[in-house]
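Architecture and fold: a report
Next come the chains, spelled out residue by residue.
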Amino acid sequence: MAQKRKVRIMVAKPGLDGHDRGARIIARAYRDAGFEVIYTGLHQTPEEIVEAAIQEDVDMIGLSSLAGAHKYLFPRVLEILREKGAEDIVVCGGGIFPEEDIAALKKAGIKEIFTPGSSLDEIVKWVEDNIKPR
Amino acid sequence: MKSTAEKVVAGDIRAVARLIRDIDDGMPEIREVLKEIYPYTGKAYVIGITGAPGAGKSTLVDRMITHLRKEGKTVGVLAVDPTSPFSGGAILGDRIRMQRHSMDEGVFIRSLATRGHFGGLTQSTRGAIDVLDAMGKDFILVETVGVGQDEVEVVKSAHTTIIVVVPGMGDDVQAIKAGILEAGDIFLINKADREGAEKTAGDLRLMIDMDQEKYRKGAWRPPILKAQAVADKGVAELVEEIHNHGRYLFETSDDIKLGKKRVRVREELTDMVEKRILEEVINNITKTAEFDRAVDSIVSGDTDPYTACEELVLPALGLSE
Ligand SMILES: Nc1nc2c(ncn2[C@@H]2O[C@H](COP(=O)(O)OP(=O)(O)OP(=O)(O)O)[C@@H](O)[C@H]2O)c(=O)[nH]1
Ligand SMILES: [Mg+2]
C-alpha cells in the first residue's frame, strides 16, 4: 500500500551518566506522535551513535545528556556525521545546559536544544514542523 | 554515477539503509531496484527467531552474532517490533541488546516496525532480506514477536526457524499456536536458569513427537535446547544445531530441495500478486474524484456508506449490471 513516509528518530544517550528516564519519556512521546523511534540505550560513543543512525536511516538524532559531557560529545557526533557524508541527518539535544553552552552548541550545528523548560508537546511540535522524512 | 542497485551490491551502507526505508515506505520506485538486485540474492542463510515478548530474543541474537562472526561470517539483522495501533508510531528497542556490534563492519542491524499494513510486513521484510542478501551478508537473522499472523509468516520463510520459549509461564507450551509449532525447526528454552525448564522441555517434546510417522520418513526432528542468552550459555550449541539443520536442508535430495523451493516461491509469488492486486484496485477506487464525491455525499447525508461502497466497488470489478 502506498503510504506516507514515516519520520524515523534515533534517541541516544552518549556519555557515562547512569539513567535514561528522560530519554525513555521523550521516546514515548515521539511514538505517541506517530514517529518511529529507535532507542539505543545508555553509554553510546559518538561513533556508535552515528553508525546506528546511518544503518537505521533516521531523519534526526536526539541526544540526551545530563553529565556535562555535551560540550565535547554533541559536536563530535556532528563531526563524524560529516566525515561519513551523513550531515543531512539533523541533530538535536536535550538536557540541562548553561545558556552560553546552548549558544555554542547551536553554533556548532546542533539544530535545536530542549531544556527541562520545554514541554513534551513543544518538543513534538518542533519535530513535526522541522523534520521532514528525507 | 552508480545506480542504487550497484551501490547495494557493492555493500554501500547508506544505499542499503535508504533502500530498506523506501521498501518499508512502499515507494513504487523500489520495484525496479528489487528486480535489479534479485540476481545477486539467494546466497544468504536466513534464520528466523520468534517467541513471546521479553523471551530474550534480542539477547540471543546478540550472542548469535558473536558466534557467527567468530566463524568469519558476516551478519545482517532485521529486528521487528510492533507499531502502536493508536498512533502509528513505534519504539524499536531491540538494538539496545546488540550495541557491542555497532562498530563491526561485518554486521548490519536494522529495526523495522510492523506498521500494520495488511500483508505488508511479510512483503517489506522479504524485500529487506533480499537487500541484505544482495549486499553480501552470509547470515540474516530476523527477530519478530511471535504474536500476529504476519510476524509468524515472516519467520516461516526462513531457512531455519527458532522458537524461543521461557519456562515457568504455566501454559506456555499450550499457548504456542499450532501454526507456530509447526514452523519451528529448533525450539530454544531460554532463561533456563529459571524453574520449570525441564517440564517445559518435556511438554515440548511430547507435542513435537506426536507425529512419529513423519520422522520415520526422514523429516527433520526439531531439537529442544536450553540456553541462558544473557550468560552466553547454550548459544554455541544453538549455532551448531542451526548448521546441522542447514546441512539437512542442503543434503536432502535435489528433488526435495527443488520441490521445497517451488513451494516457497509459489507462496511468495502468491503473496506478492495478492498485495499488488489490492494495491492497484484500491488505488483505482480511492484515488478518484468519484471517491471524494462519495465521501462528500455521505457527510452531507445524501447517501449512506453501504450504497456508496457498492457503487464504487462493483463497477471497478466489472460486477455491476
Ligand atoms: N534470567 C535471564 N534473563 C534473560 C536471559 N536472556 C535474556 N534475559 C533478559 O530478558 C530481558 C528481555 O530480553 P530481550 O532480549 O530484550 O527479549 P526480547 O525477546 O528481544 O524482547 P522483545 O523484543 O521486547 O519482545 C532482558 O532483561 C534480558 O537481560 C536469560 O537467559 N536468563
Ligand atoms: Mg527484542
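Residues numbered from 1 in each chain as written. Chains lettered and ligands numbered in written order. Predicted model: local features only at pLDDT ≥ 70, side-chain atom pairs only at ≥ 80, totals over all residues. Heavy atoms only, no water.

1. Observations concerning the overall build of chain B
Stated formally: Each helix corresponds to a stretch of at least 4 residues labelled H or I by DSSP, and each strand to a stretch of at least 2 residues labelled E; elements are numbered beginning at the N terminus. Only protein chains enter the calculation, and the probe is 1.4 Å; a residue is then buried if its accessible area is under 20% of its type maximum, exposed if over 50%, and partly exposed in between. Here, residues are in contact when the closest pair of their heavy atoms is within 4.5 Å. Under the convention used here, a 1.4 Å probe and the Shrake-Rupley method define accessible areas, while residue burial counts only the protein chains that appear. The charged-residue count follows a simple rule in which Lys and Arg add positive charge and Asp and Glu add negative charge, with His and chain termini not counted at all. Every charge is mapped to an atom, namely NZ of Lys, CZ of Arg, CG of Asp or CD of Glu.
Broken down by element type, chain B carries 14 helices and 8 strands. Each principal axis of the C-alpha distribution contributes one length, and for chain B these read about 65 × 55 × 45 Å. The buried share of chain B, taken over its 321 residues, is 47%. The long-range share in chain B, meaning contacts at least 24 apart out of those at least 6 apart in sequence, stands at 75%. Carbon and sulfur atoms make up 55% of the accessible area of chain B, which amounts to about 16,200 Å² in all. Across chain B, the centroid of the 43 positively charged side chains sits 6 Å from that of the 53 negatively charged ones.

2. Observations concerning the interface of chain B and chain A
Operational definition: Buried surface area refers to the total accessible area, computed with a probe of radius 1.4 Å, that the two partners give up upon joining, counted for both partners together. A side-chain nitrogen of Lys or Arg and a carboxyl oxygen of Asp or Glu constitute a salt bridge if their distance falls within 4 Å. Residue classes follow a fixed rule: Ala, Val, Leu, Ile, Met, Phe, Trp, Tyr, Cys and Pro count as nonpolar, while Asp, Glu, Lys and Arg count as charged, and any other residue, Gly among them, counts as polar.
Residue-level contacts link 37 residues of chain B with 38 residues of chain A. Both faces combined, the contact of chain B with chain A buries some 3,200 Å², and carbon together with sulfur accounts for 46% of it. Inspection of the chain B/chain A interface yields 9 salt bridges. When residues of the side of chain B that touches chain A are traced back to their parent elements, those giving at least two are helix 2 (13-24), strand 3 (90-92), strand 4 (107-113) and helix 12 (254-286) of chain B. Tallied by class, the residues present in the side of chain B that touches chain A amount to 15 nonpolar, 10 polar and 12 charged.

3. What about the confidence of the model for chain A?
Heads up, the condition is: The pLDDT value tells you how sure the predictor is about a given residue, anywhere from 0 up to 100.
Of the residues in chain A, 96% reach a pLDDT of 70 or more, and the chain-wide mean stands at 89. Per-element confidence in chain A ranges from a low mean pLDDT of 90 for helix 4 (residues 99-108) of chain A to a high of 96 for helix 2 (residues 46-55) of chain A.

4. Re unusual backbone geometry
Residue and element names in this part refer to chain B. Of note, the phi angle at Lys191 is positive, near 55 degrees, even though the residue is not glycine. Looking at the element boundaries, Lys191 is found in the loop between strand 7 (186-189) and helix 9 (197-208). Under the relative-accessibility criterion, Lys191 is labelled partly exposed at 24%. For Asp232, which is not glycine, the phi dihedral falls at a positive 60 degrees. Along the chain, the position of Asp232 falls in the loop between strand 8 (224-226) and helix 11 (235-251).

5. Re the site of ligand 1
Residue and element names in this part refer to chain B. Spelled out, the test is: Residues are labelled near a given molecule or strand when at least one of their non-hydrogen atoms is within 4 Å of it. N or O atoms within 3.5 Å of each other form a polar contact, as long as, within protein, one can give a hydrogen and the other can take it, and as long as residues adjacent in sequence are counted only when both atoms are side-chain atoms.
In the region of ligand 1, 18 residues are neighbours, and Gly56, Lys57, Ser58, Thr59 and Arg97 sit closest. Between an oxygen atom of ligand 1 and a main-chain N or O atom of Gly56, the distance comes to 2.9 Å. Between ligand 1 and Ser58 there is a distance of 2.8 Å, counted from an oxygen atom to a backbone nitrogen or oxygen. Coverage of ligand 1 by the protein chains reaches 75% of its 660 Å² of free accessible surface. Across the shell around ligand 1, the residue classes tally to 5 nonpolar, 6 polar and 7 charged.

6. Examining the coordination of the magnesium ion (ligand 2)
Residue and element names in this part refer to chain B. In plain terms, the rule: Coordination shells were defined by N, O and S atoms within 2.8 Å of each metal, extended to 3.2 Å for Na, K and Ca; water is absent from the atom set, which can make sites look incomplete.
Surrounding the magnesium ion (ligand 2) are the protein donor atoms Ser58 (OG), Asp94 (OD) and Glu143 (OE), at 2.1 to 2.2 Å. Taken in chain order, the donor set of the magnesium ion (ligand 2) reads S-x35-D-x48-E. Here Asp94 is found in the loop between strand 3 and strand 4, whereas its partner Glu143 is found in strand 5 (residues 139-145), with 49 residues between them in sequence. There is no split in this pair, since Asp94 and Glu143 are both buried.

7. Overview of the sheet that holds strand 4 (residues 90-95) of chain A
Short version of the rule: For two strands to count as paired, DSSP must find a minimum of two bridges between them. Throughout, an axis means a line fitted to C-alpha atoms (over the contacting stretch in the case of helices), and angles, computed between N-to-C directions, take values from 0 to 180 degrees.
Here we have 6 strands laid out as an open sheet, ordered 5(A)-4(A)-3(A)-1(A)-2(A)-3(B), and parallel in their pairing. Each edge of the open sheet carries a strand with a single partner, namely strand 5 (112-114) of chain A together with strand 3 of chain B. When strand polarity is set aside, the average angle formed by the axes of neighbouring strands in this sheet is 25 degrees. Relative to strand 2 (residues 36-39) of chain A, strand 1 (residues 8-12) of chain A runs parallel, the two being bridged by 4 bridges. Counterpart to Val11(A) in the pairing with strand 2 of chain A is Tyr39(A). Each of strand 1, strand 3 (60-65), strand 4 and strand 5 of chain A touches helix 5 (residues 120-130) of chain A; the most contacted strand, strand 5 of chain A, lies at about 165 degrees to it.

8. Considerations on the nonpolar core
Spelled out, the test is: Here, the term nonpolar core denotes a set of buried Ala, Val, Leu, Ile, Met, Phe, Trp, Tyr and Cys residues that are joined through side-chain atoms within 4.5 Å.
Within the largest apolar cluster, 29 residues are counted, with the highest numbers of intra-cluster contacts made by Ile47(B), Ile49(B), Leu60(B), Met64(B), Leu141(B), Ile162(B) and Leu238(B). Listing elements by their share of this core, those giving two or more residues are strand 1 (45-51), helix 4 (57-70), strand 2 (75-81), strand 4, strand 5, strand 6 (160-165), strand 7 and helix 11 of chain B.

9. Quick word on the sheet that holds strand 8 of chain B
All names here are of chain B. Read from one edge of the open sheet, 7 strands run 4-2-5-1-6-7-8, paired in parallel fashion. Of all the strands in the sheet, the pair left with one neighbour each is strand 4 and strand 8. For this sheet the average axis-to-axis angle between neighbouring strands, irrespective of direction, equals 20 degrees. Where strand 7 meets strand 8, 3 bridges bridge the pair, whose relative direction is parallel. Among the inter-strand pairings, Phe187 is bridged to a residue of strand 8, identified as Ile224. The strands that helix 9 touches are strand 6, strand 7 and strand 8; relative to strand 8, the one it contacts most, it runs at about 165 degrees.

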